[in-house]
Amino acid sequence: KVYENQMESGSRQFPFPYQPYTIQEQFMQSLYCALEQGKVGIFESPTGTGKSLSLICGALSWLRDYEERKRHETAALLQGGEASLSTSSTLPSATPQSSSTCSSSEPDWITDFVQKKAERDMVSKLKGCEDDEAFKLLQLSKEDPAEASGDPEEEELIIADYEKLCLLLQIYYCSRTHSQLAQFVHEVQKSPFSQEISLVTLGSRQNLCINEEVRRLGSIQRINDRCLELQKNKQEKQHHEEGVKRKRGPAKSVCPYHGAAALQQLRDEVLGKVHDIERLLTLGRETHACPYYATRFAVPPAQLVVLPYQMVLHEATRRAAGVQLKGQVVLIIDEAHNLSDTLSCIHSTELSGVELCRAHSQLTQYSERYKSRLKAKNLMYVKQILFVLEGLVRALGGESVWAEMRTDLLTINNFLFKAQIDNINLFKVLQRYFEKSKISRKLCGFMEKYGGTGVTPHVQTSSNKENRCTDGLNRYLQTLQSSQTDQKGSAELEKVVSASPMMHVEGFLMALTNSNTDGRVVVHRQGSTLADSSVKFLLLNPAVHFAQVLKECRAVIIAGGTMQPVSDFKQELLFSAGVGEERITEFSCGHVIPPENILPIVLCSGPSGQELDFTFQNRDAPHMMDETGRILSNICNVVPGGVVCFFPSYEYSRRIISHWEASGALARLSNKKKIFMEPKKASQVEQVLSEFSRCIQRCAVAGGGLSGALLFSVVGGKMSEGINFSDDLGRCVVMVGMPYPNIKSPELQEKMSYLDKHLPHSGGRSPGQALIENLCMKAVNQSIGRAIRHRGDYAAIVLCDRRYSRPSTLSKLPNWIKDQTNTHTTFGPAFAALRKSHPKGYTKAQLHQFESIL
């Protein structure tokens, strides 16, 4: 059943698959207004409140209304056309003089000029909302009937196609992971718009390729290179068939899934119905067409485009994928609580000493092999790149030996001076050679074709001075050559061979073209060779790259389960990007659960009265670890189902669990609940979750006592985001300590210094201090939000650290949690409050156990 919800404000109707919550109606109303007014909207809706469906139904309702308005406007312009323009020139005017001026007494050439100019203006207006292809359709539809070869019915279809393209406005939805995108597509399929919306999901070749010969290559770089090579072979084959002489040699293979007719058929299938990626792969095999290219061909006419962050937020990736934001695009960025960090990570890049040496070696071999065929200008660019690579090696220490680890942070300009490459025009090298020659991809093909490790025993340079500058590089290349049998060395070599080092170099050089104030270069040196050394570009100002996205899009919606603190978010990403306060709109709502279904507790001390202070100086104390064990033991005694315990770091998790093993506390815990631990490998997460769930279900069926499972996890780890601990999987979430980032990190210190210099101070704290607090509480909010996933869910949240009781810290909790939070300085009243709240699912016997413990 589809519910058409009549809104009192504006009388707007929002189709919905079920009767929506009040907060969903408010969300859709605010979203509609933000899109209509071209705003930058910050939308906060807790996980479990149906945020995805609200986004879908609100945005697509607005798109439907927008298209309907544009359809009427376009029809009026096209149908009125020349006739309406000519008649308007002869309409009676307010004064006789103006009437005579517009009469037929004017010379024909003037009347003709005015009419043609008006017609041109009208067509230009239509043309402005679409590309050249659509304009050609319009021109074709206006051909003289006597000269046109098509029948009237075909001409009507052309006009209809043009009208559709001309009014086309697209919604781009992006999220962090492919699983989140797949979940969003499934929500669209359940929505009332599933049968009328044209949706296309973009992904990488690694996700969408159906050519088994290419898929088995494994790494995304090898898959990309092989795919492009097959397309190039196809073009050469077509030229040969057209009479162009082909070079001698065996015929080159082409991709069998790249036929024009098959791609067109698959494109139509993609646009005809909402499909997830799994279904796209099936359709591709059935139609014998490539889903990767078919989805890209489907982007221009699609109404809703679903794609990962990288394809939207990174300009080079955007350009390579053919994604255009300018003009008629509404962008929705979901799961945006870490948007600032995501932008910084996407635009930061790191090069290891291994990659630098391999890139130098490969380019040297390439230039030696083809020097007779390369133009003089290209040879010059190759030498410049080799010189830059040698400079980067010098910056890493060259021939110097570093017994201890050393990290230096430099401005971009100082790094260029240190590497002695400040006289190289990187813009010129990147735009005129890297971009046009595609040298990075050519080197991939070159090394694949001629094999070998790509390491030469000595790098030839043109003078003794240059040889002296690269002694460290030469020695390292020789070291690699002689140590290939070493296990660690082999692993490193395999890692490097599997990717294009020159592509990483290109990305790093592009990063160095940022403004000197917007980034820093981190030089990390260690060991007797360059193998353990690296150079990294660190972006300090993510707003500089987000500004272009905000400027080009018609409207931008930034959505998340928790966006607090919004003031800091606006300052760092929006105001710094040139967005005025008048363009920003905000929406925040509570949760759909009743207040009594959640019990957040700040616990300041344990059962023995030990104060809970998990600062770096205190958290490793044996008595602090013992007290934490006693708290968990008491919780496991009375909480049925699943308990999830989050530690602030992997290292602390390892230390405290080792302590409990030695003291016997872990054994006592395992007698109450079966213990599970977050796996080291991401591929094992599903298996652990499945076993954790089955254990809880078995205990619930068996009954007869307090049992279930206890899961040890890490804040910011594999299970702190994107994992649902709904219902019995998470009846209690325990947060041990506060997960502050490492304040001694040089990168973090540089980021704090940058914010202190460039952002205004507020509330008696510096922007750098606010950053530390925000990073900590964002991680906490993501972790504790795992337990409440729907209206009927319930859970307790226990924050174990007295520092959570500070007003400034409490203010950073989501409102729906903060409003219910109680702080307890002693242990007994905290559990008395838990008993009094009468959480659903506890039996009388279990409540008696509460009393006995207290």
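- As annotated in an unreviewed UniProt entry, the protein chain is ATP-dependent DNA helicase DDX11 from Myripristis murdjan.
- Checking UniProt for the protein chain, the heading Sequence similarities (unreviewed entry) contains the comment "Belongs to the DEAD box helicase family. DEAH subfamily. DDX11/CHL1 sub-subfamily."

## Considering the overall build of the protein chain
- For the protein chain, the helix and strand inventory stands at 37 helices and 20 strands.
- Evaluated residue by residue, the protein chain yields a buried proportion of 51% over its 854 residues.
- Pairs at least 24 apart in sequence give 77% of the contacts found in the protein chain among residues at least 6 apart.
- Carbon together with sulfur atoms contributes 51% to the accessible area of the protein chain, which is approximately 40,500 Å² in total.

## Describing the pattern of salt bridges
- Applying the stated criterion across every chain yields a total of 31 salt bridges.
- With a closest N to O distance of 4.0 Å, Glu286 and Arg279 form a salt bridge.
- Relative accessible area serves as the criterion here: at 55%, Glu286 is assigned to the exposed category.
- For Arg279, a relative accessible area of 34% corresponds to the partly exposed category.
- Across the salt bridge formed by Glu773 and Arg806, the nearest N and O atoms sit 3.6 Å from each other. Within this pair, whereas Glu773 is found in helix H33 (residues 767–784), its partner Arg806 is found in the loop between strand E19 (795–800) and helix H34 (807–810), the two being separated by 33 residues in sequence.

## Regarding empty space enclosed by the protein
- The final tally for this structure, using the stated rule, is six cavities of 30 Å³ or more.
- Looking at the largest cavity, its volume works out to about 130 Å³.
- As for the largest cavity, its lining consists of 13 residues, of which Thr47, Gly561, Thr562, Asn781 and Gly785 are closest to the centre.
- Looking at the lining of the largest cavity, the elements that each hand over two or more residues are H33 and helix H35 (815–818).
- Looking at side-chain class alone, the lining of the largest cavity contains four nonpolar, seven polar and two charged residues.
- Here the second largest cavity defines a volume of roughly 100 Å³.
- Along the walls of the second largest cavity sit 15 residues, with Cys209, Asn211, Cys227, Cys255 and Cys290 positioned nearest its centre.

## Some words on the sheet that holds strand E14 (residues 598–603)
- Taken in spatial order, the seven strands make up an open sheet running E16-E17-E15-E18-E19-E14-E20, and their pairing is parallel. Both edges of this open sheet fall to strand E16 (674–677) and strand E20 (822–824), since each of them pairs with a single strand only. Adjacent strand axes in the sheet meet at a mean angle of 20°, parallel and antiparallel pairs treated alike.
- Looking at chain direction, strand E15 (residues 641–647) and strand E17 (residues 708–714) are connected through seven bridges and run parallel. Looking at the pairing, Phe647 lines up with Val714 of E17.

## Section: H33
- Under the 1.5 Å per step criterion, the end-to-end length of H33 is 25 Å for 18 residues, consistent within 8% with the ideal 26 Å.
- Burial runs high along H33: 14 of the 18 residues are buried.

## A word on the packing of helix H26 (residues 543–552) against helix H27 (residues 566–574)
- Packing of H26 against H27 brings their axes to within 8 Å, and their N-to-C directions diverge by 85°. As judged from the angle between their axes, H26 and H27 are roughly perpendicular. Counted together, Ala543, Phe546 and Leu550 of H26 and Glu572, Leu573 and Leu574 of H27 form the full contact between these two elements.
- Each residue belonging to the contact of H26 with H27 can be placed in one class, and the counts come to five nonpolar, no polar and one charged.

## Details of the packing of aromatic side chains
- A full pass over the atoms with the stated rule returns 17 aromatic pairs.
- For the ring pair Phe27 and Phe587, a centre distance of 5.4 Å and an interplane angle of 80° mean the geometry is edge-to-face. Within this pair, whereas Phe27 is found in helix H1 (residues 22–36), its partner Phe587 is found in strand E13 (residues 584–588), the two being separated by 560 residues in sequence.
- Overall, the relative accessible area of 10% leaves Phe587 in the buried class.
- Among the aromatic residues, ring-to-ring pairing joins Phe27, Phe43 and Phe587 into one connected group.
- A cation sits over an aromatic face here: Arg394 above Phe387, 5.6 Å from the ring centre.
- Directly above the aromatic system of Tyr794 lies the positively charged group of Arg731, at a separation of 3.6 Å from the ring centroid.

## Describing the sheet that holds strand E12 (residues 555–560)
- Here we have seven strands laid out as an open sheet, ordered E5-E6-E4-E7-E12-E3-E13, and parallel in their pairing. The outermost strands of the open sheet, each flanked by one partner alone, are strand E5 (199–201) and E13. Between one strand and the next, the sheet's axes are offset by a mean angle of 15°, whatever the strand orientation.
- As paired strands, E5 and strand E6 (residues 304–308) are joined by three bridges and run parallel to one another. Among the inter-strand pairings, Thr201 is bridged to a residue of E6, identified as Val306.

## Details of a positive patch on the surface
- Taken together, Lys375, Lys377, Lys428, Arg432 and Lys436 make up a surface patch of like positive charges.
- In this fold, Lys428 is placed in helix H20 (residues 426–437).

## Notes on the nonpolar core
- One finds Ile333, Leu339, Phe546 and Ile558 to be the most contacted residues of the largest nonpolar core, which totals 63 residues.
- With five residues, the top contributor of residues to this core is helix H11 (residues 260–272).
- Those residues in contact with Leu339 that lie beyond four places of it in its chain are Leu313, Ile333, Phe546, Ile558, Phe569 and Leu573.

## Re unusual backbone geometry
- Non-glycine residue Lys438 carries a positive phi angle of around 55°.
- As for its placement among the helices and strands, Lys438 is situated in the loop between H20 and helix H21 (439–450).
- Of note in this structure, Asp727 is not a glycine but carries a positive phi near 50°.
- Assignment of secondary structure puts Asp727 in the loop between E17 and strand E18 (732–736).

## Some thoughts on the confidence of the model for the protein chain
- Here the protein chain shows a mean pLDDT of 79. Residues at 70 or above account for 75%.
- Predicted confidence in the protein chain is weakest over helix H3 (residues 96–101), with a mean pLDDT of 37, and strongest over strand E3 (residues 40–44), with 95.
- Across residues 5–9 the pLDDT falls below 50, and counting only partners more than four positions away or on other chains, this stretch makes 15 contacts in the model.
- Every residue in residues 88–104 is under pLDDT 50, and counting partners more than four places away or in other chains gives six contacts.

About the criteria used
Residues numbered from 1 in each chain as written. Predicted model: local features only at pLDDT ≥ 70, side-chain atom pairs only at ≥ 80, totals over all residues. Heavy atoms only, no water. UniProt positions renumbered as here; feature names shortened; annotations may be inferred. Helix = DSSP H or I, 4+ residues; strand = E, 2+ residues; numbered from the N terminus. Buried < 20%, exposed > 50% of the residue type's maximum accessible area, 1.4 Å probe, protein only. Contact = heavy atoms within 4.5 Å. Areas by Shrake-Rupley, 256 points an atom, 1.4 Å probe, with all protein chains shown as cover. Salt bridge = Lys/Arg side-chain N within 4 Å of Asp/Glu carboxyl O. 1 Å grid on protein atoms, 1.4 Å probe; cavity = no way out; pocket = protein on both sides within 12 Å on 5 of 7 lines; lining within 4 Å. Points joined across faces, edges and corners; volume = space filled by probe spheres on them. Nonpolar A, V, L, I, M, F, W, Y, C, P; charged D, E, K, R; others polar. Pairing = 2+ DSSP bridges. Axes fitted to C-alpha atoms, helices over the stretch in contact; angles between N-to-C directions. Expected span 1.5 Å × (residues − 1). Parallel < 35°, antiparallel > 145°, perpendicular 65-115°, else oblique. Phe/Tyr/Trp six-rings, centres within 6.5 Å; stacked < 30°, edge-to-face > 60°. Lys NZ or Arg CZ within 6 Å of the ring centre and 35° of its normal. Patch = residues over 30% accessible without salt bridge, like charges linked within 9 Å, V, L, I, M, F, W, Y side chains within 5 Å. Lys, Arg positive; Asp, Glu negative; His and termini not counted. Charge placed at Lys NZ, Arg CZ, Asp CG, Glu CD. Core = buried A, V, L, I, M, F, W, Y, C linked by side-chain atoms within 4.5 Å. pLDDT = per-residue confidence, 0-100.

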